[in-house]
Structure formats: C-alpha cells, structure tokens
Amino acid sequence: MKPVIDIIDQQICQAIKTVSGEDSPAMVTVATDAKFGDYQANAAMVLAKKLKSNPRKIAEQIVEKLNISDICEKPEIAGPGFINLRLKPEYISAALLQINSDPERLGIDKEQQSKTVVVDFSGPNIAKEMHVGHLRSTIIGDCICRMLEFAGHNVIRQNHIGDWGTQFGMLVAYLNLEFRTQNSELRIQNSIHISDLEQFYKNAKAKCDADESFEKLSRQQVVKLHDGNSETLNIWKHIVDESRKNYQPIYNRLGVNLHKENERGESFYKDMLPGVVGDLKKAGLAKESDGAICIFPEGFKTKEGQPLPFIIQKSDGAYLYATTDLAALRFRINQLHANKIIYVTDARQQLHFQMLFAVAKQAGWVNENIELVHVTFGSVLGDDGRPFKTRSGENVKLQELLDEAVSRAGKIVEQKNPALDKEQKRQIANAVGIGAVKYADFSNNRTSDYVFSFDRMLAMDGNTAVYMQYAYARVKSIHRKAEEKNIDVDGEIKRAAKLNFTTAEELDLAKHIVRYGEAVEAATRDYRPNFLTQYLYELAQKFSGFYNACPVLDADAASRPTRLLLCELTAQTIKHGLNELLGIDVVEQM
RNA sequence: GCGCCCGUAGCUCAGUAGGAUAGAGCGUCGGUUUCCUAAACCGAAGGUCGCAGGUUCGAAUCCUGCCGGGCGUACCA
C-alpha cells in the first residue's frame, strides 16, 4: 500500500501533465490547518509562475483533470491557488482494514530495489568505559539500521571499535610491570577489569611522561604488538575482551542490535594499511610532504590557503585513522559489496569524512552507483551549555547514566502503581527509564546539540517515551477488561466490513494511523528519527483524545467494532514505531 | 583568517520542497474523575522567527552584509 500522500502526489503530477504538458512538482504536503482539509497541493502557484499565468485558473484546470475521487472529497481551491484535499471516510475505512490485514508491515511497502547498506556506528574505544559521547552514534546508528532493514535493505552493521594504536603498547607495558609476579606468567585473566583499565591507562600515561625507561618499554610493546608477538597479543586480546564485557551489556540494555560479529575494529584493517598507502602512491595521488605521506584532494585549503593534506602516513612511518578509514572503505566496497556506506559520527568529523570521500572517489574506488553518506549529529550538553560532564569534569559513564534513569523511573512506578508485583515494576522501570533516555535523544533534531536533563526526559508528562508507553498500556488494559466482560475483540474486528466513524476524535485518529507510512518514509529517507517520534507523539495525543471522548467497551453495536479496531491499530503502530524502529520497549501494564 | 553548523514563546525544542493566522512540551492561569489506568483530557495567556537589506504574489525557510555562539582547520580519533 502506497502512502496516501504519494498517491495524491502522483495523480496531481499526472493532471499537471495533462493540463500543461509540463513535469512540474505537485508540492503535496499535510494541510497546515485541519479546516483546509487533510492535504494541500501547492502545485498551481509553481506552475503559474513557470507559465506566467493565473494560479487560481491553473488550479481549476488541475482539479478538473484530477482523478482521485476514490480517495478524496471534491477538491477545493483557496487563497492564491491552494488545492485542498479531504480524505473520504470510505477510503480511510478501507485503508485501516487493509493495514489490519497486514500486522507484519502495517500496510507499508518495501523499497523496490534492495541495497546492501553498510552502517558504521557506535565505535567505542577499547580500554575505556562507554560514556555519554558514544550514546548518540550508538542509538541513532541502530535506529537507522532498523529503518533500513524495515525498508527491505540488506544492512551490514559495522562496529568500528578503537582497538589499535600506540596507547595499547603503553597499556601492555604497564600491565606487564604491575601484574607480572616473580617468575610466573602474567596473571591477568581474573585480575584486570574494565573499571581498572581506565585508571591503568592514566597511570601508564603519567609514567610514560615521567619515566624514560618506561616510555622505551611501551614503544617496544607497540613493536611487539605490530609484529604479532603472541604474549603481547594475548594481553591485548584480554583487554579487548574485558572491554566488551563493559559495552555489550550496555548495547543489550539499550536494545541496540550490536554483537561481537558486527565488530570490525581498527585492528582488523592493520595489515591492509601498507597496501592502501602503496596503491595511492602508485596511482600518483599520494606524495611525501614534510616527511608525511599525503593526498591533497581538490577544494580543501589550510589556514594559509594552501592545499590541505589528507595524511595517510606520519613522518615516523605510523598510520592514522585516515589510513584505516580508507582501508575500511575499500573493504566495504570490495568485500562487503556495499551499495551505500553510512557513517554515523558527530558533526566535528565532517571535514575528515568530506576528505575521505573525496580521496576515495579520486582514487576511483567509488563508482557512481555507490553512495557515501556521513550522518552527523550534535553534542550532548549539560545544563551549563557545555559538553555534558560530571561535576569533577569526567565523562559521564553510560552505565551510570542508565542506572540513574532506571532508578528514577523505578521511584515513579512505585509511587504511581505500588500494587504491581516486583518483577513487573522492575520491567516497567527499565522500559520507562531507558526509553526516556533514548526517546529524548531521538526526538531532538539530529543535527543540533541538546541539553541533557533527567528531570525533563523523566517528567512523565509531555513529549516523552512514557507518554506513548502509557497510551499503549491503556489499550492493553481495554483488552484485559474486554476479556473479563467476555467481549470477543478479535471476532468483532474481523467481522467489521466497513468502519463507522461517528465522532471527530475517531476520524482524526483514523487518519493519523493511515499516515504512519509517510512518517516512516520521511524518517528513513533523511535518517531523521525525530520525524518518527513526532508522528508517534501525535498518534498518542490523538489516541488520548479519542480515549477520553469515546467509550470503547460500552459503545453500542454500531460503534464498538470501529473503536476496537482503532485501539488495536493504535497499539500496533505504537509498538512498531517504538519497539521495532526505535528499539524502545513497551509494557502491557504500567 | 577560512570553512561548516546554529540563533524561533520565560525554559527546552519542532517546523519534512518558499505557502494560508509560525507549532509542541515544560512552566503559568482556569476547568474536567459516580465512566475502559488522571503517568490523562479540555481551554487561556505568551513570539518584531538575532539585526538590516534583497529576490518573490508569498520568506523562519533562498541570497548579501552585520551581530552573537559552537565546532573544525598538517602528522589525535
């Protein structure tokens, strides 16, 4: 089933063609005000401009040739030439029944051509606990994957973990020093945990700065690591495994679909780096400059107006993230056969990715059928408008942040619904707390910074996850009550051949349910979860209005099947949007 | 200096191709519960869309300049 807006758009385009012979855009949008109908087409003004003609007259001509009487009432022309369209109740009725017959996809078509899309997101640093700086990439990336999967694409999730580099030499040297007991194997297996690693890293760094002999040791460890020395490698591997014990549970709690098999960290590409540099040299793109191997893509300038280098090998011979990113990009195209590669990182890396893409294209690694996308996002800020930190200036650990959200939610559950059993309360607190954090992030415009506030996201009223979770729980409650009263919900819905909207609230809700596909399409197209949250919030609002105005179980026989279906589809839509696409849990009762 | 992003109600934010009287939430004020979960609903007040020009029948949206803020800008990621 195509979104209504697309059907209307198509029909108007056709009418324009018939009237003028032009391929002019239909400019269909949701009406700005309900009194103008449901949709409006602004095509006449655009076309009139082109033809230097009267827009109202053109609107009349378009309407005359317009063939949508099966979905819309008679179009009205208003103002300078707006074409106002109102959906027919019969159409809405048929659309809802069709959505109901397709619980898997809620009547939303897949994309015609499925692509292989690599999505690079999350990318935590090894040997450090995940902190609030990883939140956005992790959940926005996951949401993008979910949306693309739902659209029918073959999505390959790539967690480009930061597991390689000189800092590991330092860390290994430090562990060797501190944990090697006399004449025994390095006892690390049960003695080193993630919470320690960060401190060890700091200690190692300080020691490095203070102690020359230690600095030498750590440089030796870097060499050993690169040479694949098995003991060094084992310690490194332990560090990676230990780090995973920190971030995997966080993914699980966040409902983020990342696992060990999605990991392809920096270390995976280490052996490809000389080849990357060699190939770019051979192609004549990479040259030496001030001792470093650089590529100077067109259109990038330094402060002084000189060509800006994309450095792929430092003067000391070491490789950089630019090199790794090039290797990864080539791997994704050649080995993973990506048609599209999406990088989800904060906006500060924009220049890097612009240059990366430019270089990859100049090198001929990317043909016209491969799309490279950098999906950026803003920073998470504290109350003071500065990057969100603890009072002592440390990064806020994600684990602690989630604990706090769940614990705050738990207190509210306790207060609102003390009679529920313990396990239920725990589940609700989890869904509400984690949902609040994710939803607050999603509902902001991706590209802007936002101020993190537990109080606001957990305020339990307003545009928060819980508002939708509550709407969902109320529908489920109706189901439970129906059972008590021996009302056959499924049967009544199944027997409804045509719906009967008797109130403005029913019709309003019904129309909004029909629009779900539009919201999903827009959010997927622009990688913008906030289009989805906006839709879901409006849906929950309309449901609440309906719930308040229209009794369901006590409705008369003419109304009840329609109302039951509206409840059912509201619940399914909320569940699909919240759970399937945003990865936020819903609860049956709260 | 140059580049990118941002400036919308007291606060936090939307605004999906340039469209009709600029929208939410919080907060404020007022109302709703013998009725399916009041974590709810209904209503009111509140804005020269940073400033100044320009393009257009029409600008928060496009262009130019200015003011204010953030980020980036040769060997970190």
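Residues numbered from 1 in each chain as written. Chains lettered and ligands numbered in written order. Predicted model: local features only at pLDDT ≥ 70, side-chain atom pairs only at ≥ 80, totals over all residues. Heavy atoms only, no water.

> Could you give an account of the protein's contact with RNA strand B, naming the residues involved and the relevant values?
In the vicinity of RNA strand B there are 71 residues, among which Lys35, Lys314, Tyr470, Ser477 and Arg528 approach most closely. Take the atoms of RNA strand B that sit within 4 Å of the protein: sugar and phosphate atoms are 56% of them. At 3.5 Å from a base nitrogen of RNA strand B is found a side-chain nitrogen or oxygen belonging to Thr32. Asn530 is positioned such that a nitrogen or oxygen atom in its side chain is 3.3 Å from a phosphate oxygen of RNA strand B. Counting residues per element, the surface near RNA strand B draws most heavily on helix α16 (residues 465–484), which supplies 9 residues. (Near = heavy atom within 4 Å. Polar contact = N/O pair within 3.5 Å; in protein donor to acceptor, adjacent residues only side chain to side chain. Helix = DSSP H or I, 4+ residues; strand = E, 2+ residues; numbered from the N terminus.)

> Any details on the pattern of salt bridges? Residues and values, ideally.
Where side chains of opposite charge bring their charged atoms close, a pairing between them can arise. By the definition in use, this model includes 28 salt bridges. Its salt-bridge partner being Arg136, residue Asp441 comes within 3.0 Å of it at the nearest N-O pair. Of this pair, Asp441 sits in helix α14 (residues 422–443) while Arg136 sits in helix α5 (residues 135–150); the two residues are 305 residues apart in sequence, bridging distant segments of the chain. The same class applies to Asp441 and to Arg136, which are both buried. With a closest N to O distance of 2.8 Å, Asp279 and Arg330 form a salt bridge. With a gap of 51 residues between them, Asp279 in helix α10 (residues 273–282) and Arg330 in helix α11 (residues 321–334) connect regions that are remote in the sequence. (Salt bridge = Lys/Arg side-chain N within 4 Å of Asp/Glu carboxyl O. Buried < 20%, exposed > 50% of the residue type's maximum accessible area, 1.4 Å probe, protein only.)

> I'd like a description of the domain arrangement of chain A, backed by residues and values.
The accessible area lost on association of the parts is a frequent measure of interface size. Taken domain by domain, chain A consists of domain 1 (4–87), domain 2 (116–155 + 265–381) and domain 3 (166–261). The gap between the C-alpha centroids of domain 1 and domain 3 is 65 Å. (Domains from an automatic or database assignment.)

> So what about the side chain of His576? Which residues, and what values?
With respect to the element layout, His576 can be found in helix α21 (residues 560–581). If sequence neighbours within four positions are ignored, His576 has contacts with Glu104, Leu106, Phe150, Tyr516 and Leu581. (Contact = heavy atoms within 4.5 Å.)

> Tell me about the nonpolar core, and please be specific about residues and values.
Core analysis: the biggest nonpolar cluster contains 156 residues, and Ile12, Leu96, Ile239 and Ile342 have the highest contact counts within it. For this core, the leading source of residues is α14, giving 10 residues. If we ignore the near neighbours within four places in the chain, the residues touching Ile342 are Val117, Val118, Val119, Asp120, Ile144, Leu148, Val373, Val375 and Tyr527. Formed by 37 residues, the second largest nonpolar core is a distinct cluster that contains Leu280, Phe331, Tyr343 and Ile370. (Core = buried A, V, L, I, M, F, W, Y, C linked by side-chain atoms within 4.5 Å.)

> Let's hear about the sheet that holds strand β1 (residues 28–30): which residues, and what values?
On the basis of which strands lie adjacent, the open sheet formed by 4 strands has the order β1-β2-β4-β3 and antiparallel pairing. One side of each edge strand has no neighbouring strand; the edge strands of this open sheet are β1 and β3 (76–78). The average undirected angle you get between the axes of adjacent strands in this sheet is 30°. Where β1 and strand β2 (residues 39–41) come together, 3 bridges link them in antiparallel fashion. For Val30, the partnering residue across the bridge sits in β2 and is Tyr39. (Pairing = 2+ DSSP bridges. Axes fitted to C-alpha atoms, helices over the stretch in contact; angles between N-to-C directions.)

> Account for the layout of surface pockets, with residues named and values stated.
Taken as a whole, the second largest pocket encloses approximately 720 Å³ of empty space. Forming the boundary of the second largest pocket are 31 residues, of which Asp109, Lys110, Glu111, Ala151 and Glu521 lie nearest the centre. Listing elements by their share of the lining of the second largest pocket, those giving two or more residues are α1 (4–20), α5, α18 (504–514) and α19 (516–525). (1 Å grid on protein atoms, 1.4 Å probe; cavity = no way out; pocket = protein on both sides within 12 Å on 5 of 7 lines; lining within 4 Å. Points joined across faces, edges and corners; volume = space filled by probe spheres on them.)

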